[in-house]
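Observations on the model geometry
What follows is the residue order along each chain.
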Amino acid sequence: TTDARVIIIGNGSFVRDDNRRNESGFALLMNIADWLSQDKGLISIRSKDVGAGLLKETSDTAKKATKYINMFLMPLIVIVFGVIRWRVRKSPKKVESV
């Protein structure tokens, strides 16, 4: 077609995990995607503050604690709640005389 678009970039190192702190690489990638889709309105809609949402580094102890809480404590809470609800439903209802 006559309205084709092509981008040539030397290498893709601007979007590697090593360069996440450099937010301009991600902004460039998003602008390239918008331009290649040939929709001029996308660039004006998208937020100009593009960045990677990096998580804080956590210790091994915190990782293990989170893992075991999710594996054991949360299912235990669900089971206890189910047993309590079952016992309440199964208990005989007291009928009040008027």
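Everything quoted here is computed from the prediction, not taken from an experiment.

What follows covers the overall build of the protein chain. A count of helical and extended segments in the protein chain gives three helices and zero strands. Reading the secondary structure of the protein chain in the N-to-C direction produces α-α-α. The proportion of buried residues among the 98 residues of the protein chain is 8%. In the protein chain, the proportion of contacts linking residues at least 24 apart, taken out of those at least 6 apart, comes to 49%.

In a regular helix each residue adds 1.5 Å, so 31 residues correspond to 45 Å; helix H3 (residues 60-90) covers 44 Å between its end C-alpha atoms and thus fits that length. Bending of H3 peaks at approximately 40° at the position of Ile69.

Counting across every chain of the model gives one aromatic pair. Plain terms: the ring middles of Tyr68 and Phe72 are 6.1 Å apart, the flat faces sit at 15° to each other, and that makes the pair stacked. On the criterion of helical spacing, the pair formed by Tyr68 and Phe72 is a turn pair, its members being four residues apart in helix H3. Owing to a relative accessible area of 43%, Tyr68 belongs among the partly exposed residues under this scheme. In this structure Phe72 comes out as exposed when scored by relative accessible area, which is 51%.

Taken together, the side chains of Ile69, Leu73, Met74, Leu76, Ile77, Val80, Ile84 and Val88 present a nonpolar region at the surface, about 710 Å² in accessible area. Relative to the assigned elements, Ile84 resides in helix H3.

The predicted model of the protein chain has a mean per-residue pLDDT of 77, with 66% of residues at 70 or higher. Confidence, read as mean pLDDT per element, is least for helix H2 (residues 40-45) in the protein chain (64) and greatest for H3 (94).

Each value, and the rule that gives it
Residues numbered from 1 in each chain as written. Predicted model: local features only at pLDDT ≥ 70, side-chain atom pairs only at ≥ 80, totals over all residues. Heavy atoms only, no water. Helix = DSSP H or I, 4+ residues; strand = E, 2+ residues; numbered from the N terminus. Buried < 20%, exposed > 50% of the residue type's maximum accessible area, 1.4 Å probe, protein only. Contact = heavy atoms within 4.5 Å. Expected span 1.5 Å × (residues − 1). Bend = angle between axes of the 7 residues up to and from the residue. Phe/Tyr/Trp six-rings, centres within 6.5 Å; stacked < 30°, edge-to-face > 60°. Patch = residues over 30% accessible without salt bridge, like charges linked within 9 Å, V, L, I, M, F, W, Y side chains within 5 Å. Areas by Shrake-Rupley, 256 points an atom, 1.4 Å probe, with all protein chains shown as cover. Salt bridge = Lys/Arg side-chain N within 4 Å of Asp/Glu carboxyl O. pLDDT = per-residue confidence, 0-100.

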